[in-house]
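Each chain, letter by letter, is given below.
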Amino acid sequence: MSARENILGRVRSALSRKVSPGDTATIESHLAAHPVGLQPPRDWEPELRFRARAEALASTVEKVSSLQAVPAAVARYLVVNNLPTGGVCWPGLRKLDWIGAGLGMEDRPARGDDLVGVTGCFCAVAETGTLMLLSGPDTPAATSLLPETHIALVDTARIVPFMEDAWALLRAERGRLPRAVNFVSGPSRTADIEQTVTMGAHGPYRVHLILVG
Amino acid sequence: MELRANEFRARAAANLGDAKLQRGLGLIKVKAVVNRASAVAEFGDFEALRETGKAIRDRALADLDLYLERFEREAAARGAVVHWAENASEACRIVVDIARENGVKTVAKSKSMVSEEVGLNDALIAAGVTPVETDLGEYILQINDAEPPSHIVMPVIHKTAEDVADLFHAKHGTPRKTDPALLTREAREILRPKFLSAEMGVSGANFLVAETGSTLIVTNEGNGRLCTTLTRIHVALTGIEKVVPTLEDAATLLRLLPRSATGQAITNYVSLHTGPKHIEETDGPRQFHIVLVDNGRSKLLAGEMREMLRCIRCGACMNHCPVYQAVGGHAYGWVYPGPMGNILTPSYVGLENAVQLPNAATLCNQCGVVCPVKIPLPDLMRKLREEQMARGLKPFGERLGLALWGWAAQRPALYALGTRLAARFMKWLGGRGRLIHRLPLAGGWSDGRDFPAPAGRTFRELYQRSKR
C-alpha cells in the first residue's frame, strides 16, 4: 500500500465511506456552480473605492487619460521622487514611447539589481485596492517583485468590485489559471520586529498606480 | 521541532518573570487585538462571514477524500507532481529526495508551520542541503541557533528590537542598529543574493484549491513570491486538511484569514500557483512539487477533535488568550502555541506527551469567540481533560481530589455540611482584614495574591433565609 492509499483509506474510514466513485456527484455540483460566498456591502463606486483602498495601503495613485500619456507620467513620478529614470517593463509594454519621455525602459526579465519595474495588470479589485497580475511570457512575475519601485498601469474599465469578479473575468477570458496569479496590495511590508510596520521587506518599497481611462 | 510540551508549568512560571517577553506580549494586546477588532468592525457582518467560513471548511472536510483526489488530478494535469506523506519522516524524505535528485545545495524557505512540524530544516541539513529561512522573523530565529518560533504569525514576538540589533551585529558583523526599518533593510540585503542563488524554494500553502489544482499562499514581505518565482524547483508542503473546493471559497476565506491574523483586509500578496512554468515564460520554477502531509490529520477527522481541522492558522486564538498573553508561545513546547496548540499538540504527539496543555486555559472562550471558522476550542479542551481523567494521566492527588468531590457532590446533605464548614473556616482564615494570605491545598493561587474571604455563609444558607 502506498502512502496515498493509506491516507485516503483512513480519510474514507473516518468519513464512514466505502468507495468514492458514486459520491463524486455531490462535489461536482458545487465545483460546477462555484457559488459566491459572503461579500461586504457594495455601497461604493469601484474606481473611487479602489483608489481610496490603495492609498490606505500606502500606494500612490494618479490618473491619466490615455496610454500615450503614461511614459510622461512615469517620468514625472520618478523625477519628483528622485528615483532612477530607467528600469525594466513588461514586454507587453515595449511599444510605449519611453525614450520620448526620457526614460530607459528595457523590456527584459527583471534582475536582482533593477530599481524600477513597470507592469500592467490583468484587472484590479476595488474591495481591497488590489492588483491582479497573471504570469506569462509578456507579463513576467519578477518585474513587480524585484525592483525597489513598482509602477503599475490600471485600466479603469478593468476595476472590478470583488475578487470573485476577478475570477469570473479570468474564467471568461482565459479559461484556466496561468502558472502564477499574484494579488498585490501595496508595497511589501513586515511587522515582525516589535509589530512595527516597515515597508520594503523583500519586495518593492513603493508602489505607484497609474489609472488609465 | 523538539517536543517539550510536558515542561509547560515550569517554562510558563519562568516566562512570567521574563521582562522582555512580557513587553513583547504586551504589544499583542495593544496592536494585534486592536487591529483585528477594527478590521472586523469595518467589514460589517463579520459574524455571518465566520458562519460562511465554517461552512466552507466543513464542506471540504465532509468530502475530504474526493476533494483531495480532485486537487491531485487538476494539479497533475497542469504538470505539478503531487506527493503524499503519512508522517513527518516521510515528508522530510520526499523533500530531501527532490533536493538530492536535482543537485540542490541551497533551499530558500518561505514561512511554513508544517515544515516546523515535520522538522524539515534538520532533515535538509543532515542531507547536506542548506535551508535559508527568508521570512524576517524566521530568519532571525534561524541565525539565533535555530531558536523555535513563539507565535505562528509573529514568530519573534518574544524579541525586542534591541535583541535583533545585538544578533545582527554579532552574526552579520555590521554596525549595531536598532531601528526596525534599518534592521529589515539589512536582512533584505543579506537575503536577496540567497534568493537569486537558491536552486529550490520551499513554501507552505494556506489553501489548496481543488477546482484548479492550485496552492495558495498569503504573505506580506514578498519572500513567498521570491521563493516561488526565482527558483528552479518549487516544493509546497502542507497538510491534507488545507483543501478548499473553489476559487470563490478561497476568496471568502481570504476575507477572514488576514483580518483575524493581523487586522488586514488582505495581505500584501496573495499568490496562487498552478503547475510549473510554461516554456515561453522567463521566470517561474521548472518543477513544481506539492507534498500533502497527513501526520495525524486523518486520525483527527475520525474523532472528537475533527472540528480542529477547520483551522486556517490565523493565530487569533493565541492573541486573545489570557494564558498565552501571560506566558508566551515557547511555554507550550511545540509548533502550535495557545488554544489551537492545546488541542493540536496532544492530538498529534499524544496526550501523555502534552498532558498539561488542555489545562493551560481558563475556558473563558475568548478563543472561541474570535475563531474565524468557529472552532469550539474550549469544548475541545474540555473533552481532552475528560480523556486525561479517563486514562489516568493526571497526578494521583488531583484524581483523588476530583473523585472525592464527585462522591460528595452526589450527596446533597453531606455537600451542604462540607461547604458550610469550609465557608466558616475560610471566613476565620480571612480574619479582620477579610483577606486570605495563604490558602490551604491551593498555595499556588495565594502565592502571588490574596484571596478575598467568604462572608461565612453559603449560597444555599443565604437563599434559604431570603425565602423566609
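The model shown is predicted, which means the values in this text are computed figures rather than measured ones. (Residues numbered from 1 in each chain as written. Chains lettered and ligands numbered in written order. Predicted model: local features only at pLDDT ≥ 70, side-chain atom pairs only at ≥ 80, totals over all residues.)

Peer 1: Pulling in residues and values, what's your account of the overall build of chain A?
Peer 2: Scanning chain A from N- to C-terminus turns up five helices and twelve strands. Each principal axis of the C-alpha atoms in chain A carries an extent, and together these give about 70 × 40 × 40 Å. For chain A, with 213 residues in total, the buried portion stands at 46%. (Helix = DSSP H or I, 4+ residues; strand = E, 2+ residues; numbered from the N terminus. Buried ≥ 20, exposed ≤ 12 C-beta atoms within 10 Å, placed from the backbone.)

Peer 1: Help me get a handle on the pairing of strand β6 (residues 130-134) of chain A, residues and values and all.
Peer 2: Residues and elements named next belong to chain A. Buried residues dominate β6, accounting for four of its five residues. Note that strand β5 (residues 123-125) and β6 share three bridges and pair antiparallel. Following the sheet pairing, Cys123 is matched in β6 by Met132. Linkage of β5 to β6, two consecutive antiparallel strands, is achieved through a turn of four residues, within which Gly129 is found at a positive phi near 70°. By the bridge criterion, four bridges tie β6 to strand β9 (residues 180-184) in an arrangement that is antiparallel. Looking at β9, one finds that Met132 is bridged to Phe183. (Pairing = 2+ DSSP bridges.)

Peer 1: How would you sum up the nonpolar core? Please name residues and give values.
Peer 2: Judged by nonpolar contacts, the single largest core of 185 residues is most densely connected at Met132(A), Val154(A), Ala91(B), Val95(B), Leu237(B) and Val291(B). The biggest single contributor to this core is helix α13 (residues 247-262) of chain B, with eight residues. Once residues lying within four places of it in the same chain are set aside, the contact partners of Ala91(B) are Ala85(B), Val118(B), Leu237(B), Val291(B), Val293(B) and Asn295(B). (Core = buried A, V, L, I, M, F, W, Y, C linked by C-beta atoms within 7 Å. Contact = placed C-beta atoms within 7 Å.)

Peer 1: Explain the interface of chain A and chain B to me, using residue names and the numbers behind them.
Peer 2: Reports of interface size often rely on the accessible area that becomes lost once the parts have come together. Contacts between the two partners involve 62 residues from chain A and, on the opposite side, 79 residues from chain B. Among the elements that make up the side of chain A that touches chain B, the one with the highest residue count is helix α1 (residues 3-14) of chain A (ten residues). Classifying every residue of the side of chain A that touches chain B gives 28 nonpolar, 24 polar and ten charged. With five bridges joining them, β9(A) and strand β9 (residues 269-273) of chain B adopt antiparallel strand pairing. The residue bridging Asn182(A) from the neighbouring strand is Ser271(B), located in β9(B). (Nonpolar A, V, L, I, M, F, W, Y, C, P; charged D, E, K, R; others polar.)

Peer 1: Go over the pairing of strand β10 (residues 287-293) of chain B with me, naming the residues and quoting the values.
Peer 2: Residues and elements named next belong to chain B. The element β10 is extensively covered by neighbouring structure, given that six of its seven residues are classed as buried. The sheet contact formed by strand β1 (residues 81-85) and β10 spans five bridges and is parallel. Bridge pairing links Ala85 to Val293 in β10. Of the strand pairs in this sheet, strand β7 (residues 233-239) and β10 are connected by seven bridges, and their pairing is parallel.

Peer 1: Could you give me a rundown of the domain arrangement of chain A, with the residues and numbers involved?
Peer 2: In terms of domains, chain A is made up of domain 1 (1-34) and domain 2 (44-212). Distance from the C-alpha centre of domain 1 of chain A to the C-alpha centre of domain 2 of chain A: 41 Å. (Domains from an automatic or database assignment.)

Peer 1: Break down unusual backbone geometry for me, citing the residues and quoting the values.
Peer 2: Residues and elements named next belong to chain B. One non-glycine residue, Asn295, lies in the positive phi region at around 50°. Topologically, Asn295 is positioned in the loop between β10 and α14 (297-302). Even without being glycine, Arg313 reaches a positive phi, approximately 60°. The topology assignment puts Arg313 in the loop between α14 and α15 (316-319).

Peer 1: I'd like a description of the packing of helix α5 (residues 163-173) of chain A against α13(B), backed by residues and values.
Peer 2: Any two packed helices are characterised by the angle at which their axes cross and by the distance between the axes. The N-to-C vectors of α5(A) and α13(B) enclose an angle of 155°; their axes lie 9 Å apart at closest approach. Between α5(A) and α13(B), the angle is such that the two are roughly antiparallel. Between α5(A) and α13(B) the crossing geometry is right-handed. Contact with α5(A), carried on its side by Met163(A), Glu164(A) and Trp167(A), involves Leu247(B), Glu248(B), Ala251(B) and Leu254(B) of α13(B) and no other residues of that element. Looking at the contact of α5(A) with α13(B) residue by residue, the classes come out as five nonpolar, no polar and two charged. (Axes fitted to C-alpha atoms, helices over the stretch in contact; angles between N-to-C directions. Parallel < 35°, antiparallel > 145°, perpendicular 65-115°, else oblique. Left-handed = near helix turned anticlockwise from the far one by under 90°.)

Peer 1: Help me get a handle on the sheet that holds strand β4 (residues 200-203) of chain B, residues and values and all.
Peer 2: The strands making up a sheet are joined through hydrogen bonds of the backbone, oriented either antiparallel or parallel. Residue and element names in this part refer to chain B. Strand order across the open sheet formed by six strands is β1-β10-β7-β4-β2-β3, with parallel pairing between neighbours. Each having just a single partner strand, β1 and β3 (130-133) make up the two edges of the open sheet. Pairwise comparison of adjacent strand axes, ignoring direction, gives a mean angle of 25° for this sheet. Relative to β3, strand β2 (residues 106-109) is paired through four bridges, and the arrangement is parallel. Its bridge partner being in β3, Val107 is matched across the sheet by Pro131.

Peer 1: Can you explain the domain arrangement of chain B? Please cite residues and give values.
Peer 2: Domain boundaries in chain B define domain 1 (63-295) and domain 2 (397-467). Taking only C-alpha atoms, the centre of domain 1 of chain B and the centre of domain 2 of chain B are 53 Å apart.

Peer 1: Outline the environment of Ile240(B), listing residues and values.
Peer 2: Here Ile240(B) is to be found in the loop between β7 and β8 (243-244). C-beta crowding within 10 Å serves as the criterion here: with 25 such atoms nearby, Ile240(B) is assigned to the buried category. When the C-alpha atoms of Ile240(B) and Thr219(B) are compared, they prove to be 21 Å apart, with 21 residues separating the residues in sequence. The residues touching Ile240(B), leaving out its near neighbours within four places in the chain, are Ile7(A), Leu68(B), Leu292(B), Val293(B), Asp294(B) and Arg297(B).

Peer 1: Please set out the sheet that holds β5(A) residue by residue, giving values where relevant.
Peer 2: If you walk across this open sheet you meet the eight strands as β8(A)-β5(A)-β6(A)-β9(A)-β9(B)-β6(B)-β5(B)-β8(B), and the pairing is mixed. Two strands close off the open sheet at either side, each with one partner strand: β8 (159-160) of chain A together with β8 of chain B. Where α5(A) meets the sheet, its contacts fall on β5, β6 and β8 of chain A, and the angle it forms with β5(A) comes to roughly 160°.

Peer 1: Could you give an account of the confidence of the model for chain B, with specific residues and numbers?
Peer 2: Summing up the model confidence of chain B, the mean pLDDT is 95 and the portion of residues at 70 or higher is 100%. Model confidence for the complex: the whole-complex pTM is 0.94, and ipTM, which rates the interface, is 0.97. (pLDDT = per-residue confidence, 0-100.)

Peer 1: Describe in detail α1(A), supporting the description with residues and values.
Peer 2: Compared with the 16 Å implied by 1.5 Å per residue over twelve residues, the 16 Å span of α1(A) between its first and last C-alpha is a close match. Along α1(A), the residues classified as buried are Ile7(A), Leu8(A) and Val11(A). The arc enclosing the buried residues of α1(A), seen along the axis, measures out at 90°, which places them on a common side. Contact partners of the buried residues in α1(A): α5 (64-77), β1 and α14 of chain B. The first or second residue beyond α1(A) is Ser16(A), which carries a positive phi of 50°. (Expected span 1.5 Å × (residues − 1). Arc of directions from axis to C-beta.)

Peer 1: Any chance you could break down the packing of helix α4 (residues 46-62) of chain B against α13(B) for me, citing the residues and the numbers?
Peer 2: All names here are of chain B. One can describe the packing of α4 onto α13 by two numbers: an axis separation of 9 Å at closest approach and a directional angle of 135°. Taken together, the axes of α4 and α13 lie oblique to each other. The chirality of how α4 crosses α13 is left-handed. Where α4 approaches α13, its residues Leu49, Arg50, Thr52, Gly53 and Ile56 are matched on the opposing element by Asp249, Thr252, Leu253, Arg255 and Leu256. Along the lines of polarity and charge, the residues of the contact of α4 with α13 split into four nonpolar, three polar and three charged.

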